[in-house]
Structures are given as C-alpha cells and as structure tokens.
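Secondary and tertiary structure notes
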Amino acid sequence: MLQQITGGVCAARGFRAAGLHVGVKTHNVNKKDVALIVSDTDCAAAAVFTKNVVKAAPIHVTKNHLADGKARAIIANSGNANACAPGGEDNARRMCEAAAAALGCKGEDVLVASTGVIGQPLNVGAIVEGIPTLCGLLEQSAEASDAAACAIMTTDTVKKEAAVETTVGGKTVRIGGIAKGSGMIHPNMGTMLCFITTDCAISPAMIKEALLETARVSFNRISVDGDTSTNDTCCVLANGLAGNPEIAEKGVDYDAFASALQELCVQLARKMAKDGEGAKHLITCTVKGAENEAQAETVSKSVIASTLTKAAVFGCDANWGRVLCAMGYSGEQFDPEHVDVRFASRAGTILVCEQGRGLAFDEDLAKKILTEDEIVIDIVMGEGNGSCTCWGCDITYDYIKINGDYRT
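Predicted model, so just to flag it, every value in this text is computed and none were measured.

Moving on: the environment of M95. Along the chain, M95 turns up in helix 2 (residues 88–103). With 30 residues separating them in the primary sequence, M95 and G125 have C-alpha atoms 9.1 Å apart. Beyond its immediate sequence surroundings of up to four residues, M95 is in contact with I75, N77, V112, A113, L122, V124, I127 and I131.

Here you go:
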C-alpha cells in the first residue's frame, strides 16, 4: 500500500544530504547555494533533461557521466545557471571532481546541476573550497533533506520535497525527492531541478523507463509562463538497499514501483505549479470525454498556458469564454457544442458553460469558488473516453516585478 512519509531525499535507506552557503549567491549569505546528495553504495541512475536546444553545461557533463547507467552522488548549485558561460563544462567537471575527491569515489560517478542566471561566469572556486565543509554536514535526516532542498531554490518561495513508501517484492521500498521550480516553467520535460532517491533494487534500463514515463504524466503537464529553461534536469538514484529482488523487466514489481514514483513526482509537480512566480492560485485543468488521452493532454495544456485564462483566475473572474477559446486554438479538432465547463474549489462547484453555450449562473458563488487558492477547471468534451489533468497557476503583477529585474 502506498503511504506518504517524511524525510525527502533522505527517506530511502543509505542516502545522506547537505546544503550550505559557499558564496555563489553573494547578495545574501543566509541563503544556501550548494546541495549534495550521496548514496552509501553505487546506484542505478537515470535522468531526463530540457528539450531546449540551448542546454546548460552541467547537462552535457551529467549525460556523459550517466553513459554507464550508474552514479553515486549529485552536486547542485543555485545562484548561477552555468549556461552559456565561460568555461562552463570545465567548471561543471570541477564540481564533480571536487565532490568525488571528498567522497572517495570517481568523478564520473557524480552528477551535476545548476540553476540561476544565464551567461554569468560561475564562481566554481567558492564551490570547490566549500565542498569539504559540505561533506562534513552530510547526514541522513529530514533536516538534511530540507537543507539540500533550500540550497537549490532561486525565486521559489517554498521548498519542494516529498517522500512515499510502498511494497515491492515483499519489501518496503521508499522513494523521496526534492525539487526547485517557480519560473521559466512550461511542459517540455518540466523546467526545474528535481533529485529523486530510492532504495529499490532496479536495473538502470528499468529506472530510466520508469522516469521517462513518470516525467510524461507529471513534470510535462505543468506550466507557469510558457518558457522552457536551459537547465531542466531530473535525476534518480536507486541503491537497492531495500533488499527486494532486482526489477529487471516490466511486471507486478515494476508497476508498483512506477506507480509510487509517479505519485511522488505529481506531488512535486503540483508544488512547482502552485509556487509559480507571484502566483496566488494553483490551477488544475481536468479534461474528460476527449477522443483519446493525447487530445485531452493537448487541450488541457492549452488552457493552463493561456495568459488570458490565467489573468481571469487572478481576478477571480468566471470568464469561461477564455477557456473555450484556449481549447479552440490548441490544434485539436472537436465539436464546441459538446463542451461543458465547470469551475470548482473547496468552496463548491458551478457549471458555467453547457454544450458550448453560456447559461445563467450565480456570479457571487463563482467568485467565491475562484477566490480559493486551489481551483479546478473541469472540462467535458463529449468526444470519447480520453482524459488528462495538467497543472498551472494564475499570472499576477508580481510576476512582472520578479522577472523585470531578475538579473540586476
């Protein structure tokens, strides 16, 4: 049975973490800027990355280090993206080598990620100098996971972490994760950093398969602002210390693990969408009755990415016409006269469009529903049995304030 647990990336057996301010962020010495996650033993490992043609240097290094499907540790910094920057790949490798030297493993067994401003030289010297201290802070505790989660934050207002446990092959298996993401987020892998640890015994091929499928139905279904980052990285490490028979092919054990991984990643994806830069509302768009899942996903993504829909939600305005409009330019063919739209939240549910036409509804109730911090746009298309849920957020004045002077 799947259960929610605490501990983040330290929930699984044999994983330690730490976070520390070393000086990448110069404007606030109280903000941690380097995180380290380490397994006591070698791990099966996999990752997914941004589809942006412009990729940050750490992505190229991590891809090379994952060629054998194994890793031992992850080092990540915030405050600088190390993208389009002088000496980018050399600096990313220096981070890996310094961490490896302190941990007693090979540089190729360390994965690396960065997040922050693009195009600025990375103060890699500060990171290298701080790594011995960082290693001295490593421990397996909820506090250590929390420190690592805080160290990868940029414009995030809250840390993102979660953990679950389930049964695989008669053994209790734990999966934990931390993530960062608040702006420059659009479905195209999922713009963010996310690090996942598990004590499940699973082959490199199967962990990669599970991660690819999970990213498709979680991180690829969120959007904040329509921008896809240069630094998207989601890594998973599996050290096998749960003692279950290794998952080497699809079957009951694989399904149990994949289901738990998906639950974890959906939680993290929702946290990122809710913490969109300046956001006041989490928007969940559920499409049912589509011709198939692919059509439902395209329509749902179009709605959560619609600037006008996001603005209407910010204003708590039940302007359902913007929802229908976003559906119409999604590129999918459907009959608008079969479409019903409802708005829902903890305050209730209200039908605002029936069979593609407006109808009289209680504006006061609609406003009350849309005033809640989490709202649902529920769409029924009447085309078939396909369904999909995507997540986004409203757009506010603060989004412009945050991004108008992000670099300066």
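If you walk across this open sheet you meet the six strands as 13-12-11-14-10-15, and the pairing is mixed. The open sheet is flanked by strand 13 (357–358) and strand 15 (386–393), the only strands paired with a single partner. Of the strand pairs in this sheet, strand 11 (residues 340–345) and strand 14 (residues 374–380) are connected by five bridges, and their pairing is antiparallel. Bridge assignment links R342 to a residue of strand 14, and that residue is D378. Strands in contact with helix 6 (residues 252–274) are strand 10 (282–290), strand 14 and strand 15; relative to strand 15, the strand with the most contacts, it is inclined by about 45 degrees. Across the face of the sheet, helix 7 (residues 293–305) comes into contact with strand 10, strand 14 and strand 15 while running at roughly 20 degrees to strand 15.

Bringing the pattern of salt bridges into the picture now. Across all of its chains, the model carries 22 salt bridges by this definition. For D373, the salt bridge is made with K274, and the minimal N-O distance between the two is 3.3 Å. Of the two residues, D373 sits in the loop between helix 10 (363–371) and strand 14 while K274 sits in helix 6, which places them 99 residues apart along the sequence. Within this structure, E213, R216, R221, E293, E297 and K301 form a network of salt bridges that share partners.

Right, let's talk about the side chain of T284 for a bit. With respect to the helices and strands, T284 occurs in strand 10. Relative accessible area serves as the criterion here: at 10%, T284 is assigned to the buried category. Beyond its immediate sequence surroundings of up to four residues, T284 is in contact with R270, I375, V376, I377, T389, C390 and W391.

Turning our attention to the state of the cysteines. What is meant by a disulfide is a covalent connection between two cysteines, made through their sulfur atoms. Scanning the model with the defined rule gives zero disulfides in all. The thiol of C194 is not disulfide-bonded; the next cysteine sulfur, from C234, is found 4.0 Å away. For C194, a relative accessible area of 0% corresponds to the buried category. A disulfide-free cysteine, C390 has its sulfur positioned 3.9 Å from the sulfur of C388, the nearest such atom.

For the rest of this paragraph, the subject is the nonpolar core. Membership of the largest hydrophobic core comes to 40 residues, with the highest contact counts inside it found for I175, I196, F219 and F257. Looking at this core, the elements that each hand over two or more residues are strand 3 (34–49), strand 6 (160–168), strand 7 (171–180), strand 8 (193–198), helix 5 (204–217), strand 9 (233–238) and helix 6. In terms of residue count, the dominant contributor to this core is helix 6 (twelve residues). Contacts of F257, omitting those with residues within four sequence positions, involve V168, I175, T198, C200, I202, I207, A210 and I247. Counting 33 residues, the second-largest nonpolar core is a separate cluster that includes C285, W320, L324 and I379.

Phi at C84 takes a positive value of approximately 55 degrees, unusual for a residue other than glycine. Relative to the assigned elements, C84 resides in the loop between strand 4 (70–78) and helix 2.

Glancing now at the side chain of N239. Mapped onto the elements, N239 comes out in the loop between strand 9 and helix 6. Here N239 falls in the buried class, since its relative accessible area comes to 8%. Polar contacts involving the side chain of N239 include one to the main-chain carbonyl oxygen of R13, which spans 2.9 Å. In this structure the side chain of N239 is engaged in a polar contact, spanning 3.1 Å, whose partner is the backbone nitrogen of L241. Not counting residues up to four positions away in its chain, the partners in contact with N239 are R13, G14, F15, S39, T41, D42, C43, T198, D199 and C200.

On the surface, a cluster of negative charge is made up of D317, D362, E363 and D364. For D317, the position within the fold is in the loop between helix 8 (307–314) and helix 9 (320–328).

For strand 2 (residues 15–20), the tally of buried residues reaches five of six residues, placing the bulk of the element in the interior. Of the strand pairs in this sheet, strand 2 and strand 3 are connected by six bridges, and their pairing is antiparallel. Counted as the bridge partner of A18 is L36 from strand 3.

A word on helix 8. Within helix 8, the full set of buried residues consists of T309, K310, A312 and V313. Buried residues of helix 8, seen end-on, are gathered within an arc of 160 degrees and therefore sit on one face of the element.

Rules behind the numbers
Residues numbered from 1 in each chain as written. Predicted model: local features only at pLDDT ≥ 70, side-chain atom pairs only at ≥ 80, totals over all residues. Heavy atoms only, no water. Helix = DSSP H or I, 4+ residues; strand = E, 2+ residues; numbered from the N terminus. Contact = heavy atoms within 4.5 Å. Pairing = 2+ DSSP bridges. Axes fitted to C-alpha atoms, helices over the stretch in contact; angles between N-to-C directions. Salt bridge = Lys/Arg side-chain N within 4 Å of Asp/Glu carboxyl O. Buried < 20%, exposed > 50% of the residue type's maximum accessible area, 1.4 Å probe, protein only. Disulfide = S-S within 2.5 Å. Core = buried A, V, L, I, M, F, W, Y, C linked by side-chain atoms within 4.5 Å. Polar contact = N/O pair within 3.5 Å; in protein donor to acceptor, adjacent residues only side chain to side chain. Patch = residues over 30% accessible without salt bridge, like charges linked within 9 Å, V, L, I, M, F, W, Y side chains within 5 Å. Areas by Shrake-Rupley, 256 points an atom, 1.4 Å probe, with all protein chains shown as cover. Lys, Arg positive; Asp, Glu negative; His and termini not counted. Charge placed at Lys NZ, Arg CZ, Asp CG, Glu CD. Arc of directions from axis to C-beta.

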